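Residue-level structural notes
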Amino acid sequence: MGAWHSSRLAGQVVRFGASTGVSALLSFGLPMLLHEQFGISESSAVAIGFAVAYVLNILLLRSFVFRSNGSWREQLPRYLLANGIFRLAEYGGFLLLFYRLQIDYRISVICVLGVSAIAKFFVYRLVFDRKGVSVPG
């Protein structure tokens, strides 16, 4: 692995961490706000938070994290599929922890998001990091 590739990967990891923070704020903070302040059920509030993060993530991942200039026509379907699978798995994991294991909904969301974040980085590199990366780092 060359120095350019190593620095590019390191930059992607740092930017992914930042975008994951924004996504986690939406996926965690928004459900808390909706449930605690507006009385929306926990499961509905979490679904809304995940949906909002779903839409924002493609913009952050494509332009900020991986700095891709690849074709939207190619990347959007790959992203929608990958992110959709992740979100369904996250929501399924949340429901399992919350309803079956009776774990507080806030802890359930944090656990689910933490486990999926690592896998997402590697999958999203495949989605966005094809021939379309415009600048190193």
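Residues numbered from 1 in each chain as written. Predicted model: local features only at pLDDT ≥ 70, side-chain atom pairs only at ≥ 80, totals over all residues. Heavy atoms only, no water.

Thoughts on the overall build of the chain
When helices and strands are counted, the chain shows 4 helices and 0 strands. Starting at the N terminus, the α and β elements of the chain follow one another as α-α-α-α. Within the chain, the fraction of its 137 residues that count as buried is 38%. By sequence separation, contacts in the chain at least 24 residues apart represent 73% of the contacts at least 6 residues apart. As displayed, the chain offers around 7,500 Å² of accessible surface, 71% of which is attributable to carbon and sulfur atoms. For the chain, the distance from the average position of its 13 positive side-chain charges to the average position of its 6 negative side-chain charges is 14 Å. (Helix = DSSP H or I, 4+ residues; strand = E, 2+ residues; numbered from the N terminus. Buried < 20%, exposed > 50% of the residue type's maximum accessible area, 1.4 Å probe, protein only. Contact = heavy atoms within 4.5 Å. Areas by Shrake-Rupley, 256 points an atom, 1.4 Å probe, with all protein chains shown as cover. Lys, Arg positive; Asp, Glu negative; His and termini not counted. Charge placed at Lys NZ, Arg CZ, Asp CG, Glu CD.)

Focus on helix 4 (residues 105-128)
The first and last C-alpha atoms of helix 4 sit 32 Å apart over 24 residues, in line with the 34 Å expected at 1.5 Å per residue. Bending of helix 4 peaks at approximately 35 degrees at the position of Ala117. For helix 4, the N-terminal cap is Asp104; the gap from its side-chain oxygen to the backbone nitrogen of Arg106 is 2.9 Å. (Expected span 1.5 Å × (residues − 1). Bend = angle between axes of the 7 residues up to and from the residue. Polar contact = N/O pair within 3.5 Å; in protein donor to acceptor, adjacent residues only side chain to side chain.)

What to know about the environment of Phe64
When you line up the elements, Phe64 lands in helix 2 (residues 42-65). Sequence spacing of Phe64 and Tyr124 is 60 residues, and the spatial spacing of their C-alpha atoms is 13 Å. With near-sequence residues (within four places) excluded, Phe64 lies in contact with Arg15, Ala18 and Leu59.

Concerning the pattern of salt bridges
This structure, assessed with the given rule, holds 5 salt bridges. In this structure, the salt-bridge partner of Asp104 is Arg106, at a minimum N-O distance of 2.9 Å. On the basis of relative accessible area, Asp104 is assigned to the partly exposed category, the value being 33%. Counted as one network, the salt bridges with shared partners bring together Glu36, Asp104 and Arg106. (Salt bridge = Lys/Arg side-chain N within 4 Å of Asp/Glu carboxyl O.)

Section: the environment of Phe121
Relative to the assigned elements, Phe121 resides in helix 4. The class for Phe121 is buried, based on a relative accessible area of 6%. Excluding residues within four positions of it along the chain, Phe121 makes contact with Leu9, Gln12, Val13, Phe16 and Phe66.

Comments concerning the side chain of Asn57
Of note, Asn57 is situated in helix 2. With residues up to four places along the chain from it excluded, the contact list for Asn57 reads Ser23, Tyr79, Asn83 and Arg87.

Side note on the nonpolar core
Phe16, Ile58, Leu61, Val65, Phe66, Tyr79, Ala82, Phe86, Phe121, Tyr124, Val127 and Phe128 together form the largest nonpolar core, which totals 12 residues. Among the elements of the structure, helix 2, helix 3 (72-100) and helix 4 are those that each provide at least two residues to this core. Sorting elements by how many residues they give to this core places helix 4 first, with 4 residues. If we skip the residues at most four places from it in the chain, Ala82 touches Val123, Tyr124 and Val127. In terms of nonpolar packing, the next biggest core, distinct from the first, is built from 9 residues, Val46, Phe94, Tyr105 and Leu113 among them. (Core = buried A, V, L, I, M, F, W, Y, C linked by side-chain atoms within 4.5 Å.)

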